[in-house]
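A closer look at the structure
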Amino acid sequence: MTVFEKPKSLTDAPFHYCPGCTHGIIHRLVAEAIDGLGIEGVTVGVAPVGCAVMAYNYFACDMVEAAHGRAPAVATGLKRAMPDRIVFTYQGDGDLASIGMAETVHSATRNENITVIFVNNAIYGMTGGQMAPTSLPGQVTQTSPYGRDVKTVGYPIRVCEMLSQLDGPAYIERVAVNNVKNVRNAGKAIRKAFENQINGRGFSLVEVVSSCPTNWGMTPQNALRWVEENMIPYYPLGVFKDRTAEEVK
Amino acid sequence: MAEKVLMKGNEAIAEAAILAGCRHYFGYPITPQTEIAAYLAKRMPKIGGCFLQAESEIAAINMVYGVASAGKRVMTSSSSPGISLKGEGLSYLAGSDLPALVVNVQRGGPGLGGIQPSQSDYFQATRGGGHGDYRMIVLAPASAQEMADLTIKGFDLADNYRVTCMLLADGTMGQMMEPVELPAPVEPSVGKPWAVTGTEGKRRHNIINSLSLVPEELEQLNFARFERYAEIERKEPMWESFMAEDADIVVVAFGIAARVSKNAVVAARESGIKAGLIRPITLWPFPKQPLAEAAQKAKHFISVELSMGQMIEDVQLAIRCSRPVTLCNRVGGMIPTPEQVLESIRSANRR
């Protein structure tokens, strides 16, 4: 009996992610969901600009690389062109919640039938650790060297809370990947976000609270502890919206 | 012969897009291209197509990117300030070698400018608009009929060469009503094995992408793209030549400026001046050859433009500055009169 194997929806290309980065776990969860639902051959993924920019090399399904922040618009085009295909985006916090906020909000309010995987690690990783829209108050980054001062640069954005105020979206959940229990829950949420699309339920977003040991300047273990002690209290886990129990019209 | 219909230029574009097999349109409201969106908002749902008003020009061009990635014909339209916003997307479309049709019904600028006709986006259309080394095929219609014909031609060119094609019209062309003989519907025939339609487990995954971090590879991609551009420059220049064969004074103008100039050329001929008109229909590739040939006989060129003088540089390049080229122009939404062009012709003839 096979206890553990690489998901078929991942290619053999080695990840470029830093040691201890949780993108690897999240890629795996997405691939497991695609495998589990048997949809690899009909799925098209959209990669962001940011650390996951080369996700197109890692997922074995057809892939599109979008401009920074525009993945939901690109996914909208793909889904409208091919309603029978499963379309997902994989985006970071700078991509989804800063430069691409308009595309995020409007694809959500249209209840675009797509799946959005939102990786929130509170920092711009690829460019070397700048302040993100989700950086915590007081968080030290390259562009907030004295700590995020909310008086001058404002507060972090809680994406799930904000989007769940809209009538449009079908399903909004926040999960984390800092321990085994949370990873298992994250896997379930991601699978549900794909199932919703298969069932025509509409816009499903899973925010994954993640870590960035390199740019946080921590060991991987300490980074996971920081997720537990600082990130999750600011970004509480849970289901923020779920209209999937309602009848489909 | 098909029946003629009285249509606005903008409506001719919209209906021609449908006839070309385009079933996806994304746009954002802006004057003076509004009729395109309004027309397609009515028509698309009736024929199983998709009309979607995007949250911004930026979103619209990226929705275009998505449909083009799926291998289907797709169009967006805007006017000058909106095209600036689409600049990023135009660069990505070029970098990913995706075919699409983008319409610019130009208005006066820069900035918010005005809403009256202009041709001052010539540089933006023919020199880039977005970042990086790339070209778009730029078509310049001068009648409602050409708005329709060049829309269909634009989709074909885009598919054939995997490039973005821009229909560069102006507010006059968009708003003017003229009889149009609608072309027959076209069935898109170019295969797109590169499209991301799902592997179905039958092939390796396709990737639509403009990122290439290895300099040697990115250089080769640019070289390959420019080989295609060179082929376009050889095969696709289009122009109309009007009384230009024996002309002493050659007027060069496109779009509405060409319509005005034609009247001036006729008037000049009536007064004994050998004037002619060369009307570029493709602005890129620019029709260099007919201009170079005309320069063998002509003594003077006049570039008539609704801009501060943009195409004039291509005219000078095409004739290698072998003859004087003067500018006859109005800007800000103003249009030169035939009298103004005639006066430029007379003035050139007196030299």
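Below you will find a few notes about this structure. (Residues numbered from 1 in each chain as written. Chains lettered and ligands numbered in written order. Predicted model: local features only at pLDDT ≥ 70, side-chain atom pairs only at ≥ 80, totals over all residues.)

Re the packing of helix H3 (residues 71-81) of chain A against helix H3 (residues 57-69) of chain B
Relative orientation of the contacting elements H3 of chain A and H3 of chain B amounts to 45 degrees, with a least axis distance of 6 Å. On the basis of their axis angle, the class for H3 of chain A and H3 of chain B is oblique. In terms of crossing hand, the pair formed by H3 of chain A and H3 of chain B is right-handed. Between H3 of chain A and H3 of chain B, the residues in contact are Ala73, Val74, Ala75, Thr76, Gly77, Leu78, Arg80 and Ala81 of chain A and Ala59, Asn62, Met63, Val64, Tyr65, Gly66, Val67 and Ser69 of chain B, respectively. (Axes fitted to C-alpha atoms, helices over the stretch in contact; angles between N-to-C directions. Helix = DSSP H or I, 4+ residues; strand = E, 2+ residues; numbered from the N terminus. Parallel < 35°, antiparallel > 145°, perpendicular 65-115°, else oblique. Left-handed = near helix turned anticlockwise from the far one by under 90°. Contact = placed C-beta atoms within 7 Å.)

Points about the sheet that holds strand E6 (residues 204-209) of chain A
Pairing is mixed in the open sheet, where 8 strands are placed in the order E7(A)-E5(A)-E6(A)-E4(A)-E3(A)-E1(A)-E2(A)-E9(B). Strands at the two margins of the open sheet, each flanked by one partner only, are strand E7 (238-242) of chain A together with strand E9 (207-208) of chain B. Summarising the sheet, strand E5 (residues 171-176) of chain A and E7 of chain A pair through 4 bridges and their orientation is antiparallel. Paired with Arg174 of chain A across the two strands is Gly238 of chain A, which belongs to E7 of chain A. Sitting on the sheet, H3 of chain A touches strand E1 (43-47), strand E2 (62-65), strand E3 (86-92) and strand E4 (115-120) of chain A, and the angle it makes with E3 of chain A is about 175 degrees. Packed on one face of the sheet, helix H8 (residues 180-198) of chain A meets E3, E4, E5 and E6 of chain A and runs near 160 degrees to E5 of chain A. (Pairing = 2+ DSSP bridges.)

A few points about helix H6 (residues 144-161) of chain B
All names here are of chain B. With 18 residues, H6 extends 26 Å between its outermost C-alpha atoms, agreeing within 8% with the 26 Å of an ideal straight helix rising 1.5 Å per residue. Judged by how many residues are buried, H6 sits mostly within the fold: 16 of 18 residues are covered. Trailing H6 by a residue or two, Arg162 shows a phi angle of about 50 degrees, which is positive. (Expected span 1.5 Å × (residues − 1). Buried ≥ 20, exposed ≤ 12 C-beta atoms within 10 Å, placed from the backbone.)

Side note on the interface of chain A and chain B
The partner chain B presents 32 residues to the 28 residues of chain A that form the contact. Among the elements of the structure, E1, E2, H3 and helix H5 (101-109) of chain A are those that each provide at least two residues to the side of chain A that touches chain B. In terms of residue class, the side of chain A that touches chain B is made up of 17 nonpolar, 5 polar and 6 charged. Bridge count between E2 of chain A and E9 of chain B: 2 bridges; the pairing is parallel. Directly across from Met63 of chain A, in E9 of chain B, lies its bridge partner Ile207 of chain B. (Nonpolar A, V, L, I, M, F, W, Y, C, P; charged D, E, K, R; others polar.)

Points about the environment of Met44 of chain B
All names here are of chain B. Structurally, the position occupied by Met44 is in helix H2 (residues 34-46). The exposure class of Met44 is buried, given the 20 C-beta atoms found within 10 Å. Spatially, the C-alpha atom of Met44 lies 21 Å from that of Pro32, the residues being 12 residues apart in sequence. Residues within four places of Met44 in sequence aside, it is in contact with Tyr25, Gly49, Cys50 and Phe51.

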